Amino acid sequence: MSEKFDVVVIGAGPAGYVCAIRAAQLGLKTACIDKWIDEKGKAKLGGTCLNVGCIPSKALLDSSHKFHEAHESFKTHGIAMDNLSINVPAMITRKDKVITQMNMGITGLFKANGVTSLLGSGKVMAGKQVEVTGMDGKTSLISAEHIVIATGSLPIEIPPTPLHKDIIVDSTGALEFQGVPKRLGVIGAGVIGLELGSVWARLGSEVVILEAMDTFLVAADQQIAKESAKIFKKQKLDIRLGARVVGSELKGKGKSKEVCVRYAGSDGAEQTITFDKLIVCVGRRPYTENLFTADAGINLDERGFIFVDDQCRTDVPGVYAIGDVVRGPMLAHKGSEEGVMVAELIAGKTAQVNYELVPSIIYTHPEVAWAGKTEEQVKASGEEYKVGTFPFAAIGRAVAASESDGMVKVIAHKETDRILGVHAVGPCAAELVQQGVISMEFHASAEDLALTMFGHPTFGEALHEAALAVDGHAIHMPNRKRK
Ligand code: FAD
Ligand code: AMP
């Protein structure tokens, strides 16, 4: 007889491990299977997010930001730094320590909540059975009342630039460089490309980002995208739009190996550019290989994601799928919210995710963040709206910190004044937009935010002033009527 669980979760990334913990909290007998191991064969819970995604990228962004500050900005504060240097292997080791600390945290949480952690590869069979293949290749069967698939995603590879050792790498390889490349190419000006490009640019690489689309940050509010592009240009990030990479060639030998990249401009004309290293960041695809048998009844959608309804139910009763392996933005917090929702549904509670309010954040410096609708989306919907913007240049806290690039933008419904979107590029943009998310979650009006007292001096005053500006009442700037 195979062991029976109330809930078996496949995948221990931010979608799966959060789901497992919440299910166990709700009194359900829960197992979570994951196959991620370190070089010693030890389980590394946390998935992409913790091992090669959100956390390691932020660790390197923080390290490189400190170096860049010391190099570029300290002198404006009167702090002299001579003979500054960066020890890249030490920076990478610190990043690895951060990951290990967080891995241990999830292991501890599983123990504390009574989640059974299984090391191996899970495969969904018909009849709600899960086959687990251990690291030794041995298989066993477990049965489950409910199965939750949370197997995440993998980086997309493109034929023009096949990965090659540490020369042409994906986002995972870009977290492991042992030195600062002189000429670094990045394919894709999406969130990951901008973040990884920033890490190495701050440490001294000449970074060129090649982006196929003509529009920068197409998903963002275009006023914020344009403001961000100006800031990145000042930081010497060379972002080439309308540049589709069509081929590459490795040249040279050993340490002098380089990669020559061919890209086509919007007019079709081809250009070449040579880099010491190339990072391919052209998106991610759902991870469904060898995940279920044909008779399991699970279907994929036309883009290869596991097909689910609004509450993450697959076509098989009792089998759910959450996180990057299903439709929607590939973001850790979106998957975690789905994990909680599914655990609660399984426990018989009412639950849903508000997909209208998934915050998007780019952890460049300054950050770019947004939630709710962009001005382009509101315009396209035909809703009447009003807009308030406020620059950080008029915020005392931002000027005092020499962090005065960027702005906050609040969009509200013209009649009801309800906030429809909050967008920012600037210091602490992610935290400010989160205040916007809370406001929108509680259906606040721009006036509600305007009437809220904000501490002084804070970066948050930019959000306050932008909310005041929605009705032309900003205090620290002349209010201009928008056309
Ligand atoms: P994953 O985190 O991919 O986890 C899936 C797990 O399932 C893995 O551990 C895998 O080993 C396991 N698995 C797969 N198949 C099987 C199987 N058959 N059996 C057993 N186990 C299996 N998102 C943000 O929100 N904020 C960020 O700042 C951010 N930064 C990022 C930076 C980078 C460089 C990258 C690459 C991604 C970043 N993301 C960020 C995206 C984020 O990492 C993903 O959205 C998130 O990890 C998805 O969570 P998940 O649980 O769905 O899947
Ligand atoms: P994201 O999907 O946000 O991770 O961003 C990936 C980016 O890579 C998108 O903006 C794509 O337009 C871009 N992209 C995909 N293929 C290519 C290519 N061959 N050359 C240049 N950019 C590309």
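Keep in mind that this is a model prediction, so the values were computed, not measured.

Caption draft 1: Molecular detail of the overall build of the protein chain. Assigned secondary structure in the protein chain consists of twelve helices and 22 strands. For the protein chain, the C-alpha radius of gyration of 24 Å lies close to 23 Å, the compact-globule estimate for 483 residues. Relative to its full complement of 483 residues, the protein chain shows a buried share of 49%. For the protein chain, contacts bridging at least 24 residues in sequence account for 62% of all contacts bridging at least 6. Approximately 23000 Å² of the protein chain is accessible, and the part contributed by carbon and sulfur atoms is 53%. Between the averaged position of the 52 positive side-chain charges in the protein chain and that of its 57 negative side-chain charges there is a distance of 4 Å.

Caption draft 2: Representation of the site of ligand 1 within the structure. Neighbouring residues of ligand 1: 37 residues in total, closest Asp34, Thr48, Lys58, Gly122 and Ala332. Taking Lys58, its side chain carries an N or O atom lying 2.6 Å from an oxygen atom of ligand 1. In this structure, Met330 approaches ligand 1 through a main-chain N or O atom, which is 3.3 Å from an oxygen atom. The protein chains hide 96% of the 1000 Å² of surface that ligand 1 would expose on its own.

Caption draft 3: Highlighting the nonpolar core. Formed by 36 residues in total, the largest nonpolar core has its most connected members in Trp200 and Ile279. Not counting residues up to four positions away in its chain, the partners in contact with Trp200 are Val88, Met91, Ala174, Phe177, Gly179, Val180, Pro181, Leu184, Ser205, Val207 and Ile279. Counting 34 residues, the second largest nonpolar core, distinct from the first, contains Ala424, Val433, Ala444 and Leu468.

Rules used throughout
Residues numbered from 1 in each chain as written. Chains lettered and ligands numbered in written order. Predicted model: local features only at pLDDT ≥ 70, side-chain atom pairs only at ≥ 80, totals over all residues. Heavy atoms only, no water. Helix = DSSP H or I, 4+ residues; strand = E, 2+ residues; numbered from the N terminus. Rg over C-alpha atoms; globule rule 2.2 N^0.38 Å. Buried < 20%, exposed > 50% of the residue type's maximum accessible area, 1.4 Å probe, protein only. Contact = heavy atoms within 4.5 Å. Areas by Shrake-Rupley, 256 points an atom, 1.4 Å probe, with all protein chains shown as cover. Lys, Arg positive; Asp, Glu negative; His and termini not counted. Charge placed at Lys NZ, Arg CZ, Asp CG, Glu CD. Near = heavy atom within 4 Å. Polar contact = N/O pair within 3.5 Å; in protein donor to acceptor, adjacent residues only side chain to side chain. Core = buried A, V, L, I, M, F, W, Y, C linked by side-chain atoms within 4.5 Å.

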